[in-house]
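# Fold and contact review
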Amino acid sequence: MKEIAYAAPRTVADAVAALKQANGNGKAFAGGTDILVQLREGTRNADVLVDLKKIPEMTEIRQLPSGDWQIGAATPCHRIESTVPFAEGYPGIIDGVHIIGGWQIKGRASLGGNLCTSSPAADSIPALIAHHAVVKIVGPDGSREVPVSEFCTGPGKNVLKPAELVASFVIPAMLPNSSGCYLRFIPRSEMDIAVVGCGTTLTVEKDTIKQARIALGAVAPKPVLAEEAAAWLIGKPATIESFEKAGEIARKAATPISDMRGPAEYRTHLVGVLVKRSLMTSLRRLRGERVDVLHDKLV
Amino acid sequence: MATKTPVSTTINGEPVEFLCEPRQSLLEVLRDTLHLTGAKEGCNNGNCGACTVILNGVAVDSCLVLGVEVEGAEVTTVEGLACRNELHPIQQCFLEDAALQCGICTPGFLVAAKALLDKIPNPTEEQIRFHLAGNICRCTGYDKIVKAVQHAAQEMAK
């Protein structure tokens, strides 16, 4: 890696000031599991790394009085999944957090980093979108809020302007009778990049679907919502047949490429399978069942 | 010449001070500055786990940590496992169960296994395989490693 300066500010305002002072040559640095590799390989450049991990607000996870949860953008995955009340309330988000790299990566990697790398295959993003998560962005002109669903604009691209950073995520309180899931298809069980990823949330009352949200990863230039499929589910019975039909409709939202991880036709097929299984798992969970998606025999 | 930053930290229970450039990884500092060459550089991009150390109680790839970041931290490397002339039970079981061939990945596996057994003293085979998925071995096929960790868990429970 070429020479670089390091700053470890204690406040978000100081971090923004450091990024502004770097005049486009500063990079926010959370877990470093992407940025350090990119700097070493020369795919990204920076003169200054601005470490966000010394900023208390950026490494905290807490429930707000409203019932929503706020997660600092630099909070490492291992801490998110070991925060029991959050993990129990949001198993769908934990499904993604649990498989972002191996254990050593999860000791460092953060939701903010996963989002800002803006890979179409990012494992945390589909579930965050399905749960209506919003990010707080802070920059030289103040702060703004952006839904995670509108954050990425293409592979490696997002809505951040120069010297802006993602400070935190707000994840709305779960509605009653609701749960979620994230499933990833890879040829093995750990340490791989999604061929397809699917995050869902589901609200069911008396066996009728009241709300549904489906987000897909690795099948478009950015994570996408399968809105038509989700809308179709409203009012339908919460059955495997409904979920299978939703999976068929969701395939239309997928515009995948063919690459070394799989041909486009295969990815489109997988969308249907994962949407069905993810919705079914969401249903089992909202009915009180604990489902470990890595070891469960899914329908 | 890049500016070097003084860093005070604790490594294997001992206070340590070193100078490093901000671009240097913790792995580079451990190996090249502090001559703790137990942690190995395999891939240098967070895939292989050969450089695993425990940082403030958490297993991490030291190639993906900057040296300047460990100011005030507690670091455990493979050199910190054995106690004087006594091997750590995990090391002893790796030896007895032949859980290594070329040995390059071994320090990373030992440290990751230590972090695992600190967190889950009696892990299932699935838990062992899940937690060691970030460590790559190209010789053993993993079975002997998993068995050695199970064996170590039994020894440590005695």
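Not measured: the values here are computed from a predicted model.

## A closer look at the overall build of chain B
Each helix and strand counted, chain B has five helices and five strands in total. Secondary structure elements of chain B occur, N-terminal to C-terminal, as β-β-α-β-β-β-α-α-α-α. Computed over its C-alpha atoms, the radius of gyration of chain B comes to 16 Å, within 12% of the 15 Å expected for a compact globule of 158 residues. Its C-alpha atoms put chain B at 50 × 30 × 25 Å along the principal axes. Looking at chain B as a whole, 52% of its 158 residues are labelled buried. Expressed as a percentage of contacts within chain B between residues at least 6 apart in sequence, the contacts between residues at least 24 apart total 54%. Of the roughly 7300 Å² of accessible surface on chain B, 49% is carried by carbon and sulfur atoms. Distance between charge centres in chain B, computed from 12 positive and 19 negative side chains, equals 6 Å.

## Examining the packing of aromatic side chains
Residues and elements named next belong to chain A. Tallying each qualifying case throughout the model produces four aromatic pairs over all chains. Both rings, one in W69 and one in F86, keep their centres 5.4 Å apart while their planes meet at 70°; by these two values the pair is edge-to-face. Note that W69 is positioned in strand β5 (residues 69-72) and F86 in helix α4 (residues 84-89), a separation of 17 residues in sequence. The exposure classification of W69 matches that of F86, with both residues buried. Chaining the aromatic ring pairs together yields one cluster made of W69, F86 and Y90. Across the ring face of F29, the terminal group of K53 is positioned such that the distance to the ring centre comes to 4.1 Å. Its guanidinium or amino end placed over the ring of W232, K236 lies 4.4 Å from that ring's centre, counting from NZ or CZ.

## Here's the deal with empty space enclosed by the protein
Applying the stated rule across the entire model yields one cavity of 30 Å³ or more. Within this model, the largest cavity holds a volume of roughly 40 Å³. A:H98, A:I99, A:G101, A:G102, A:W103, A:K106, A:R184, A:S189, A:E190, A:M191, B:F130 and B:A133 together form the lining of the largest cavity. In the lining of the largest cavity, the residues fall into five nonpolar, four polar and three charged.

## Observations regarding the domain arrangement of chain B
Residue and element names in this part refer to chain B. Domain parsing of chain B yields domain 1 (5-79) and domain 2 (89-157). Between domain 1 and domain 2, the residue contacts involve 13 residues of the former and twelve residues of the latter. Roughly 930 Å² of surface becomes buried between domain 1 and domain 2 when both sides are summed, with 69% attributable to carbon and sulfur atoms. When the area that domain 1 buries against domain 2 is broken down by residue, the three leading residues are T52, I54 and V78, summing to 43%.

## As for the nonpolar core
Ranked by internal contacts, the top residues of the largest apolar core, which has 86 residues, are A:F86, A:V135, A:V148, A:L165, A:F169 and B:V70. Not counting the four nearest positions on each side in its chain, A:F169 is found in contact with A:W69, A:Q70, A:I71, A:A73, A:L111, A:G112, A:L115, A:L128, A:V134, A:V135 and A:V148. Residues A:V219, A:A238, A:A250 and A:L286 belong to the second largest nonpolar core, which totals 33 residues.

## Quick notes on the sheet that holds strand β10 (residues 165-171) of chain A
All names here are of chain A. Reading across from one edge, β4-β5-β10-β6-β7 is the order of the five strands in this open sheet, with antiparallel pairing throughout. Sheet topology places β4 (61-63) and β7 (142-147) at the edges, where each strand pairs with a single neighbour. The average undirected angle you get between the axes of adjacent strands in this sheet is 20°. Lying over the sheet, helix α1 (residues 12-21) contacts β6 (134-139) and β10, oriented at roughly 140° with respect to β10.

## A few points about the domain arrangement of chain A
A common way to express how large an interface is: the accessible area buried when the components associate. Residues and elements named next belong to chain A. Here chain A is partitioned into domain 1 (5-50 + 59-171) and domain 2 (178-286). Placing the centre of domain 1 and that of domain 2 at their C-alpha centroids yields a distance of 24 Å. Taken together, the contact between domain 1 and domain 2 spans 24 residues of the former and 24 residues of the latter. Both sides together, the interface formed by domain 1 and domain 2 hides about 1900 Å², and carbon and sulfur atoms give 63% of it. Counting across the domain 1 and domain 2 interface gives two salt bridges. For R285, the salt bridge identified is with D95, shortest N-O distance 2.8 Å. Between domain 1 and domain 2 we count eight residue pairs in polar contact (both at pLDDT 80 or more) in total. When residues in the side of domain 1 that touches domain 2 are grouped by element, the largest group, five residues, is from helix α8 (residues 125-130). Of the residues assigned to the side of domain 1 that touches domain 2, the class counts are twelve nonpolar, ten polar and two charged.

## Comments concerning the interface of chain B and chain A
At the junction of the two partners, chain B supplies 33 residues and chain A supplies 31 residues. Here chain B and chain A share an interface that buries about 2500 Å² over both sides, 63% of which is from carbon and sulfur atoms. When the area that chain B buries against chain A is broken down by residue, the three leading residues are B:R23, B:L64 and B:F130, summing to 28%. Applying the counting rule to chain B against chain A returns two salt bridges. B:E69 is paired through a salt bridge with A:K53; the nearest N and O atoms lie 2.8 Å apart. Linking chain B with chain A are seven residue pairs in polar contact (both at pLDDT 80 or more). For the side of chain B that touches chain A, the secondary structure elements donating two or more residues are β3 (52-55), β4 (58-61), α3 (106-119) and α4 (125-131) of chain B.

## Some details on the state of the cysteines
All names here are of chain A. Under the counting rule described, the total for this entry stands at zero disulfides over all chains. Cysteine C116 is unpaired, with the sulfur of C152 as its nearest cysteine sulfur at 8.5 Å. Residue C116 is classed as partly exposed on the basis of its relative accessible area, which comes to 22%.

Cut-off values and rules
Residues numbered from 1 in each chain as written. Chains lettered and ligands numbered in written order. Predicted model: local features only at pLDDT ≥ 70, side-chain atom pairs only at ≥ 80, totals over all residues. Heavy atoms only, no water. Helix = DSSP H or I, 4+ residues; strand = E, 2+ residues; numbered from the N terminus. Rg over C-alpha atoms; globule rule 2.2 N^0.38 Å. Buried < 20%, exposed > 50% of the residue type's maximum accessible area, 1.4 Å probe, protein only. Contact = heavy atoms within 4.5 Å. Areas by Shrake-Rupley, 256 points an atom, 1.4 Å probe, with all protein chains shown as cover. Lys, Arg positive; Asp, Glu negative; His and termini not counted. Charge placed at Lys NZ, Arg CZ, Asp CG, Glu CD. Phe/Tyr/Trp six-rings, centres within 6.5 Å; stacked < 30°, edge-to-face > 60°. Lys NZ or Arg CZ within 6 Å of the ring centre and 35° of its normal. 1 Å grid on protein atoms, 1.4 Å probe; cavity = no way out; pocket = protein on both sides within 12 Å on 5 of 7 lines; lining within 4 Å. Points joined across faces, edges and corners; volume = space filled by probe spheres on them. Nonpolar A, V, L, I, M, F, W, Y, C, P; charged D, E, K, R; others polar. Domains from an automatic or database assignment. Buried area = accessible area lost by both parts, 1.4 Å probe. Core = buried A, V, L, I, M, F, W, Y, C linked by side-chain atoms within 4.5 Å. Pairing = 2+ DSSP bridges. Axes fitted to C-alpha atoms, helices over the stretch in contact; angles between N-to-C directions. Salt bridge = Lys/Arg side-chain N within 4 Å of Asp/Glu carboxyl O. Polar contact = N/O pair within 3.5 Å; in protein donor to acceptor, adjacent residues only side chain to side chain. Disulfide = S-S within 2.5 Å.

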